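# Coordinate analysis (summary)
For reference, the chains in residue letters:
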Amino acid sequence: ARVVASAAEEDERAPAQADDDDEFTVAGTARRVREAKAKAAGKKPADAADAEGISGLNPVNIGRKSRQFVDGVFKSISGLTQFTRAPSMDEGKYELYDADLLSGETLNDYANPNARFTTVLVVGAAGRVGRVLVRKLLLRGYTVKALVRNQQDADAMPTAVQTHVGDVSDVSVMERAVAGANKIVYCARAKTLVSGELSNVDEQGVRTAAKSLQDYNNALAIRRAGRSSKTKTMLTNFVKHRDVFLDWTVDETRLVDPSDGRWQAAAEVAQRVNFGPGGEDEEGKQSKFPVFDGFVFSKTGVAQISAAIDDLGSGDARGEVALREHDGVLLRLKGDGKRYSVSLREPGVEGRTFIAPFATTGKWQIVRIPFSQFRPEVFNRVYNAGGDSTDTDAALGAPMDLTKLERVGLRFEARNQSTSRASNGWMDEINSRSQNSFGLELEYIKLLPKGDETDFILVSCGGAHLEEGEDKDKLVASKRSGEKIVRNSGLGYTVVRPGTLLEEPGGSKALVFDQGNRITMPISCADVADVCLRALHDEQARNKSFDVCYEYGNAAGAEGGYEKIAQVTGTNDNYLTPALAVLEKNT
């Protein structure tokens, strides 16, 4: 012990050595750390204890440093047997990496390295999930902003949180709250089941938050003389673009089976496909929205308009659109309640056509289609014909290459309609034109931005805590409307639908992740907050909606075939990634 104490005293009082070997010694490492800490604290690096006297020493620190020194001497002796030695991870005992990735601050056991550069706005921070989430974020080193309903809730927030007070649907309040934020976790909920309150929180509030984040990102991009990577790209605006009728043309009125001469002759006479200015609206004024309409036979007809991708884009980006830099397409249109498709075609006669169908509602709507949902045209025909897995796998062929696509189009096929029926001949279809006629008003097609992480986490619900009835239907409809707003915003999103919330500690039970609104078990608010926290930087969470609840018990009929993903106690383990990897995106 005297030898160790003497060596420690000599090391404390020894001047700094210029020898390069000092860089790799334990004593040199310990000395540099002490000097850096003393300088940061505004104290003398040496002899500080002598000046204060023995009463100023902390016995706990003395014991800790003595143990560290003894361990260091042993490590240095054992290291002499090696020709070269890389720094060991055990040197963390000497706080060699206390600078925490050059940020100048220390990481605790819970801190996330991404937190240093992330500011999270928690909307509904005083709620059951929000108040837990705020503290979890602070514990891990995030900069946290909060939007609460009233001043009383604001006063209850931790002092480290920048709190804003106001209504979630108030644009000015939301814009001030969003300023400076990178991500939003929206966990506000209506206090009552009154329709106006539900609409205000679950629909208007979500829309205001999503738009405010987009506007803020755009403002930052303009300041940098660029454009935000989180912003949708205009592919074509059917209303504002003056050359729209030159770029988009009637591509074909294709005959699926041209060998049938009778149907072909009838198609040449009766089938019509038009793309041009809209007619008069209900007030007798000329509609500004172009119309894609016509009539085709269910057996032979495929109506389509298309444009060359190189001719599309807006402003400086015209002709420079790169599909590979985007995640999918977003359309705003008004249909007639029938099914249509977006098509993407490769160049050349042998080029394949990929299609992704969508349904219309008869009202103005936004349709979001990721590129991952496009399938070869031949695959759809084999699948619709009832082909087995071998046939469909063969029809899939090579994956779609976004760099090799030449044209984008919109398509209508009468035979794909749910109202289509077997006809006795072409005359029968002419007499039943409502089944084979179509009409689509178009406003724009945009490209969705690509990204790795989620930008907007929405805590929704499936109404599991309510009895079947009008109140549950009203709540679920409002929540689904909010989810749709987030999906169509273009932001990377994660929708979390927890079971019935419980006020109890989290982390003690396994969780079930599912899709399809089938869960019946509850879950603690703390576990929901933890799921939101982990989803912030998890690539598997982007553009996914899922239900989560506690694992099912052993009661009869409780085993629903779910895969249980158990929580683990380690602070660096993430149960969310494997749980979400098997779930569908963009649902």
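The shown structure was predicted, so the numbers you read here are calculated from the model rather than taken from an experiment. (Residues numbered from 1 in each chain as written. Predicted model: local features only at pLDDT ≥ 70, side-chain atom pairs only at ≥ 80, totals over all residues. Heavy atoms only, no water.)

Our focus in this paragraph is the overall build of the protein chain. A count of helical and extended segments in the protein chain gives 17 helices and 23 strands. Counting only residues that meet the buried cut, the protein chain has 43% of its 587 residues in that class. When contacts within the protein chain are restricted to residue pairs at least 6 apart in sequence, long-range pairs at least 24 apart make up 72% of them. (Helix = DSSP H or I, 4+ residues; strand = E, 2+ residues; numbered from the N terminus. Buried < 20%, exposed > 50% of the residue type's maximum accessible area, 1.4 Å probe, protein only. Contact = heavy atoms within 4.5 Å.)

Backbone geometry at Asn517 places phi at a positive 55 degrees, although glycine is not the residue there. By the element assignment, Asn517 lies in the loop between strand 20 (511-514) and strand 21 (523-524). Relative accessible area serves as the criterion here: at 41%, Asn517 is assigned to the partly exposed category. Unusually for a residue other than glycine, Asn543 sits at a positive phi of about 60 degrees. Given the relative accessible area of 2%, Asn543 is considered buried.

The interhelical angle for the contact between helix 7 (residues 171-178) and helix 8 (residues 195-223), taken along N-to-C directions, is 50 degrees, at an axis separation of 9 Å. Accordingly, the angle class assigned to the pair helix 7 and helix 8 is oblique. In this structure, helix 7 crosses over helix 8, and the sense of that crossing is right-handed. Note on element contacts: helix 8 touches helix 7 through Gly205, Thr208, Ala209, Ser212, Leu213 and Tyr216, opposite Val171, Met174, Glu175 and Val178. Looking at side-chain class alone, the contact of helix 7 with helix 8 contains 6 nonpolar, 3 polar and 1 charged residues. (Axes fitted to C-alpha atoms, helices over the stretch in contact; angles between N-to-C directions. Parallel < 35°, antiparallel > 145°, perpendicular 65-115°, else oblique. Left-handed = near helix turned anticlockwise from the far one by under 90°. Nonpolar A, V, L, I, M, F, W, Y, C, P; charged D, E, K, R; others polar.)

Looking at the element boundaries, Thr118 is found in the loop between helix 4 (59-79) and strand 1 (119-123). The contact partners of Thr118, leaving out residues within four places of it in the chain, are Tyr142, Thr143, Asn182, Lys183 and His537.

Now for the packing of aromatic side chains. In this structure the tally under the stated criterion is 13 aromatic pairs. Ring centres of Phe245 and Phe275 lie 5.3 Å apart, and the angle between their planes is 55 degrees; this geometry places the pair in the tilted category. Here Phe275 lies in strand 7 (residues 272-276) and Phe245 lies in helix 9 (residues 244-247), a separation of 30 residues in the sequence. Looking at Phe245, the relative accessible area reads 34%, which means it is partly exposed. Between Tyr340 and Phe358, the ring centres sit 6.3 Å apart and the planes meet at 25 degrees, which makes this aromatic pair stacked. (Phe/Tyr/Trp six-rings, centres within 6.5 Å; stacked < 30°, edge-to-face > 60°.)

This part takes up the pairing of strand 15 (residues 407-412). For strand 15, a buried count of 5 out of 6 residues is recorded, marking the element as mostly surrounded by other parts of the structure. Looking at chain direction, strand 9 (residues 301-308) and strand 15 are connected through 6 bridges and run antiparallel. Considered in strand 15, the bridge of Gln304 is made with Arg411. Here 5 bridges tie strand 11 (residues 339-345) to strand 15, and the two strands are oriented antiparallel to one another. Note on strand 15: the bridge partner recorded for Ser341 is Arg411. (Pairing = 2+ DSSP bridges.)

Counted under the stated rule, the structure contains 20 salt bridges. The partner of Arg128 in a salt bridge is Glu503, and the shortest N-O contact between them spans 2.8 Å. Here Arg128 is found in the loop between strand 1 and helix 5 (130-139), whereas its partner Glu503 is found in the loop between strand 19 (501-502) and strand 20, with 375 residues between them in sequence. Given a relative accessible area of 27%, Arg128 falls into the partly exposed group. (Salt bridge = Lys/Arg side-chain N within 4 Å of Asp/Glu carboxyl O.)

Moving on: the packing of helix 8 against helix 15 (residues 470-487). Direction vectors running N to C along helix 8 and helix 15 enclose 15 degrees, while the axes themselves pass 8 Å from each other. When the interaxial angle is binned, helix 8 and helix 15 end up roughly parallel. Viewed along their axes, helix 8 and helix 15 form a crossing whose handedness is right-handed. Along the contact surface, helix 8 presents Ser195, Leu198, Ser199, Asp202, Glu203, Val206 and Arg207, while helix 15 presents Lys474, Leu475, Ser478, Lys479, Ser481, Gly482, Ile485 and Val486. For the contact of helix 8 with helix 15, a count of residues per class yields 5 nonpolar, 5 polar and 5 charged.

What follows is about the side chain of Gln365. Residue position: Gln365 is located in strand 13 (residues 364-370). Among the polar contacts listed, one links the side chain of Gln365 to the backbone oxygen of Ala359, at a separation of 3.3 Å. Once residues within four sequence positions are removed from consideration, Gln365 is found in contact with Leu331, Arg332, Leu333, Ala359 and Thr360. (Polar contact = N/O pair within 3.5 Å; in protein donor to acceptor, adjacent residues only side chain to side chain.)

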